[in-house]
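Observations on chain architecture
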Amino acid sequence: MSGDRDAEGVGAGDPLRVVPTDAPPSGACRRKGSFTPSLTLMGEHDLCPGCGEPLALRQILDSIEALGQAQRAIGVVGIGCYTALTSLMDVDLIQALHGRAPSVATGAKRMRPECLLFTLQGDGDMVNEGLQEVIHTAARGENVTCILLNNGVFGETGGHMTATTVLGQRTKNSIEGRDARLHGHPILIGDLLARLDGTAYVARASVHDAAGVARTRRFLDRAFTSQLKGQGFSFVEILTMCPTGWFIPTAEGPGYLDRELGAVHEVGELKKDGVLVGG
Amino acid sequence: MTASTERRLMEGSEAIAEAAIAAGCRFFSGYPMTPFTELLEHFARRLPDEGGACINAESELEAIGQAWGAAATGARAATGSTGQGLSLMQESMSEITRAEIPIVVFNMARGQGDYYQATRGGGHGDYRHIVLAPESVGEAVRITQEAFHLADRWRHPVLIYGDYLIAHTAEAVSIEPIDFATKDPLPPKDWAVDGRLGGTGRSRNVNPIGMEKGSKGIDPNRFWQALSDKEDRIAAAEQRWEAIGTEDAELLIVAFGTLARFARAAIRDLRAEGLRVGLFRPISLWPFPSEALVRAAAGCRRVACLEQNAGQMIDDVRLALLGSVPVVPIGGISTDPAGFGIGALLDAERIAGRARDAYHGREVPRGVVA
Ligand SMILES: Cc1ncc(C[n+]2csc(CCOP(=O)(O)OP(=O)(O)O)c2C)c(N)n1
Ligand code: SF4
Ligand SMILES: [Mg+2]
């Protein structure tokens, strides 16, 4: 996976470090921090073991808390496995229809410009059912942050092909692997949105390892900060594991995500302060 | 230009937009379609001056989504379209009802063929919402303001059923803000999201799927049954109608919206001829004023259902009367070649002719009224 679009690389300033475990614990490993997740109401959830979505959610909530926005945030949630997480999120929420979170966030932001508005959507939700609305919301430069949890499948319905499923990926309705001649090509939604004039910040992250989780958090911080500065539409796509929907053992999820989805949906920042990165 | 309380000639679309703004509406979104378009135009021109927002949405799907988001923050918000656009909005209409979000939706319909869509809960699932049908621009001004009050009163969507004539006829009206809340105080909007309860353990989730913070699963009693019970209370409390000349009527015409206005003129002529004809006009299409209709029809030989469609409201009329009085349809499909619903049926003389037939027990012509 190429990380070179993330200009600052992994390491410096990361909230979470990768600590070598082939030697006795060093100081960094003994350092004690609070591991109680911010802004959560329950210590458990109903998603599958090995699912990447709770990892991504935690970064979102931590970022909101760290930016001092806990009492100003409004989340608009789509329909997918992550919908079940709403019962444990301790921020104000509006539950939207499948695909329709960006329009709902738009209306809410127009009436409450002082609030931090974000959407939480899956690839099926955003890139299949609701593609036109995220594009128009971005093109209008709505000052909201749309967050995509991209696992390349409809996880909730049981592992079906979405618009972001990569070529060769096996799903319940592309049993032999996605074939461009039969199923068309995947949409790289971050790349598409980055090219619209209304977007201020666009990045793609992945939660397949600790460094990726740290990078996810950094990108979320930047997207929210961009909204707080009133720069326009911001977007963070987070690649998440779905071992259940991919029909692979749980432990193989992170490797599969990095190798297969990560090779096509490349991690990195695509647009900052309204300027395309490397363009 | 600001809202004026002085009486002046105003096109229906402008009057409705002004009435909505007078009622505190600060958000509107829509997608152009005849005869709804001018409503969108007026909101687009006026709302920014009032500190509000009007969005030219990418489709009706997003128009109602945007109004949903605005209303969920506690703002008074509205959207609208024409029947076809309303069809696209139905998934949201259903869910907004279930999420108990107050919102006002205008259907500037092409004729009266959207009666079923408006009154049956046009989307999926088990729900109804309030539907009000004004017969004139003046009444639309009042009903528009009342709609925002009722939406907040019940935390329920209210649909206003208008048409080409309501949207495009200019009538002398004044837009005076009507105070409904002094007589009927509104509950606080403490359910609306403003972000402030984040991190307190009491944050909200305005949602249509029965999710509750801190717990899993849906309790059917607290969710579906509670909504159904609320709809029963609305049905009992919010029936509206007008009854004219029903005391001695032998024939009762039932008609709603602008068509009722033509019926009113027809009845004047029929009365002058000595025929005892009355008018019953449902103003709330849901809840349908069934008991009032039964009272109005008592003593009539026949009830004539006048509607500009193939026969939809007649179901509600027959359900209300339960065979106690024969019900005959005297309307029908009637439109201009563009399909905007301006048909030959919108004519007092033609309606009088059909009512005369019904009065004397003659057969009323069926098929397209041209
Ligand atoms: C209009 C509509 N169509 C279909 C569905 C069924 N449905 C529920 S969740 C879902 C897929 C969700 O996929 P995604 O957004 O990628 O989320 P994931 O489950 O993968 O996290 C679908 C198709 C629905 N709820 N509404
Ligand atoms: S099906 Fe996939 S996305 Fe859904 S909870 Fe399981 S692992 Fe997560
Ligand atoms: Mg998915």
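It should be emphasised that the depicted structure is a prediction, and the values quoted were computed from it without experimental measurement.

Let us now look at the overall build of chain A. Looking only at helices and strands, chain A features 10 helices and 10 strands. When burial is assessed residue by residue, chain A has 56% of its 279 residues classed as buried. At a minimum sequence separation of 6, the contacts of chain A that also span at least 24 residues come to 70%. If you sum the accessible surface of chain A, you get close to 11,100 Å²; carbon and sulfur atoms cover 53% of it.

We now examine the coordination of the magnesium ion (ligand 3). As a benchmark, a tetrahedral metal site with four donors has ideal angles of 109.5 degrees, while an octahedral site with six donors has ideal angles of 90 or 180 degrees. Residue and element names in this part refer to chain A. With distances of 2.1 to 2.2 Å, the protein atoms coordinating the magnesium ion (ligand 3) are D123 (OD), N151 (OD1) and V153 (O). Between the donor residues of the magnesium ion (ligand 3), the gaps in sequence give the motif D-x27-N-x1-V. Here V153 lies in strand 5 (residues 153–154) and D123 lies in helix 4 (residues 123–129), a separation of 30 residues in the sequence. When its relative accessible area of 2% is taken as the criterion, V153 is described as buried.

Residue and element names in this part refer to chain B. Running from N to C, helix 9 (residues 257–272) and helix 12 (residues 348–359) point in directions that differ by 65 degrees, and their axes come no closer than 8 Å. In this structure, helix 9 meets helix 12 at a crossing whose hand is right-handed. Every residue of helix 12 that contacts helix 9 at L259, F262, A263, A265, A266 and L270 is listed here: A348, I351, A352, A355 and R356. For the contact of helix 9 with helix 12, the class distribution of residues is 10 nonpolar, no polar and one charged.

On the basis of which strands lie adjacent, the open sheet formed by nine strands has the order 10(A)-9(A)-7(A)-8(A)-4(A)-3(A)-1(A)-2(A)-9(B) and mixed pairing. Each end of this open sheet is capped by a strand with a single partner; those strands are strand 10 (275–276) of chain A together with strand 9 (205–206) of chain B. Strand contacts of helix 8 (residues 210–228) of chain A: strand 3 (116–122), strand 4 (145–150), strand 7 (199–206), strand 8 (233–239) and strand 9 (268–272) of chain A, with the helix running at about 165 degrees to strand 7 of chain A, the strand carrying the most contacts.

Averaged over chain B, the pLDDT score is 96; the fraction of residues at 70 or greater is 99%. Across the whole predicted complex the pTM is 0.94, and at the interface the ipTM reaches 0.96.

The subject of this paragraph is the site of ligand 1. Taken together, the neighbourhood of ligand 1 is formed by 18 residues, with A:E53, A:D123, A:G124, A:G155 and A:E156 sitting nearest. Lying at an intersection of chains, ligand 1 is approached by residues of chains A and B. In this structure, an oxygen atom belonging to ligand 1 sits 3.1 Å away from a side-chain N or O atom of A:Y82. Between ligand 1 and A:D123 there is a distance of 2.8 Å, counted from an oxygen atom to a side-chain nitrogen or oxygen. Here ligand 1, which alone exposes 590 Å², has 78% of that area covered by the protein. Only helix 4 and strand 5 of chain A provide two or more residues apiece to the shell around ligand 1. It is helix 4 of chain A that provides the largest number of residues to the shell around ligand 1, a total of four residues.

Residues and elements named next belong to chain B. Of all the 11 residues making up helix 1 (residues 12–22), 10 are buried; the element is thus mostly covered by neighbouring parts of the structure. For helix 1, the set of buried residues is G12, S13, E14, A15, I16, A17, E18, A19, A20 and I21. Where helix 1 ends, the next residue or the one after it, G24, has phi of about 100 degrees, a positive value.

We now examine helix 2 (residues 37–46) of chain B. Every α-helical turn comprises 3.6 residues, leaving residues that sit three or four positions apart pointing alike. Here helix 2 of chain B has its buried residues at B:T37, B:L39, B:L40, B:H42, B:F43 and B:R46. On the buried face of helix 2 of chain B, the contacting elements are strand 1 (8–11), helix 1, strand 2 (25–30), strand 3 (53–56) and strand 5 (104–109) of chain B.

Another point: the pattern of salt bridges. All names here are of chain B. Counted under the stated rule, the structure contains 43 salt bridges over all chains. A salt bridge links R240 to E238, with the shortest nitrogen-to-oxygen separation between them at 2.8 Å. One exposure class covers both R240 and E238, and it is buried. Because the salt bridges share partners, they merge into one network encompassing E135, E139, E242, R264 and R281.

Residues and elements named next belong to chain B. Inspection of the sheet shows strand 11 (residues 251–254) paired to strand 14 (residues 302–305) by four bridges, in the parallel sense. Residue pairing for strand 14: I253 is matched across the bridge by A304. Pairing of strand 14 with strand 15 (residues 327–329) involves three bridges; the strand directions are parallel. Residue pairing in the sheet places A304 in a bridge with V328 of strand 15. Assessed by its sense of winding, the connection that carries the chain from strand 14 through helix 11 (residues 313–321) to strand 15 is right-handed.

Our focus in this paragraph is the sheet that holds strand 15 of chain B. The strands making up a sheet associate through hydrogen bonds between their backbones, and the pairing can be parallel or antiparallel. Residues and elements named next belong to chain B. The five strands lie next to each other as 10-12-11-14-15, forming an open sheet whose pairing is mixed. Each of the sheet's edge strands pairs with one partner strand only, and the pair in question is strand 10 (241–244) and strand 15. Mean inter-strand twist for the sheet, computed between neighbouring axes without regard to direction, equals 20 degrees. Pairing analysis gives four bridges linking strand 10 to strand 12 (residues 277–282), with the strands arranged antiparallel. Within the sheet, the bridge partner assigned to E242 lies in strand 12 and is R281. Along the sheet face, helix 11 touches strand 11, strand 12, strand 14 and strand 15 and points at about 170 degrees away from the line of strand 15.

The next point concerns unusual backbone geometry. All names here are of chain B. Between T34 and P35 the backbone carries a cis peptide bond, its omega angle lying at 5 degrees. Relative to the elements of secondary structure, P35 occurs in the loop between strand 2 and helix 2. With an omega of 0 degrees, the peptide bond running from W286 to P287 counts as cis. Positioned with a positive phi, E100 is a non-glycine residue whose angle comes to about 55 degrees. According to the relative accessible area criterion, E100 is partly exposed, its value standing at 27%. Positive phi outside glycine occurs at R155, with the angle close to 50 degrees. The topology assignment puts R155 in the loop between helix 6 (137–154) and strand 7 (158–163). You can call R155 partly exposed: its relative accessible area is 22%.

Procedures and definitions
- Just so you know, the residues in each chain are numbered from 1, in the order the chain's sequence is written.
- Whichever chain is written first becomes A and whichever ligand is written first becomes 1, with later ones labelled in order.
- Two thresholds apply to this predicted model, a pLDDT of at least 70 for residue-level local features and 80 or more for giving and counting side-chain atom pairs, whereas whole-chain, interface and lining totals are computed over all residues.
- Side-chain calculation: all heavy atoms of the structure are included, whereas hydrogens and water are not.
- Helix numbers and strand numbers start at the N terminus; a helix is a DSSP run of H or I with at least 4 residues, a strand a run of E with at least 2.
- Buried residues are those whose accessible area, probed at 1.4 Å on protein chains only, stays under 20% of the maximum for their type, while exposed residues exceed 50% and partly exposed ones sit between those limits.
- Residues count as neighbours in contact if any of their non-hydrogen atoms are within 4.5 Å of one another.
- Computed with a 1.4 Å probe, the accessible areas rest on the Shrake-Rupley method; for each residue, only the protein chains presented here act as cover.
- Donor atoms: N, O and S within 2.8 Å of the metal, or within 3.2 Å for Na, K and Ca. Because water is excluded, sites can look incomplete.
- Axis angles are defined between N-to-C directions and span 0 to 180 degrees, where every axis is a line fitted to C-alpha atoms and, for a helix, only to the segment in contact.
- For any helix crossing, the convention is left-handed if the near helix is rotated counterclockwise from the far helix by under a right angle, and right-handed if that rotation is clockwise.
- Note on residue classes: Ala, Val, Leu, Ile, Met, Phe, Trp, Tyr, Cys and Pro are nonpolar, Asp, Glu, Lys and Arg are charged, and everything else, Gly too, is polar.
- In this scheme, strands are said to pair when DSSP sees at least two bridges between them.
- pLDDT gives the predictor's per-residue confidence on a scale running from 0 to 100.
- Residues are classed as near a molecule or strand on a simple rule: at least one heavy atom within 4 Å of it.
- Any pair of N or O atoms that falls within 3.5 Å is considered a polar contact. Within protein, one atom must be able to donate a hydrogen and the other to accept it, and sequence-neighbouring residues count only if both atoms are side-chain atoms.
- Salt bridges are counted wherever a side-chain nitrogen of Lys or Arg sits within 4 Å of a carboxyl oxygen of Asp or Glu.
- Orient the strands so they point away from the viewer, and a crossover whose first-strand-to-second-strand path over the helix runs clockwise is right-handed.

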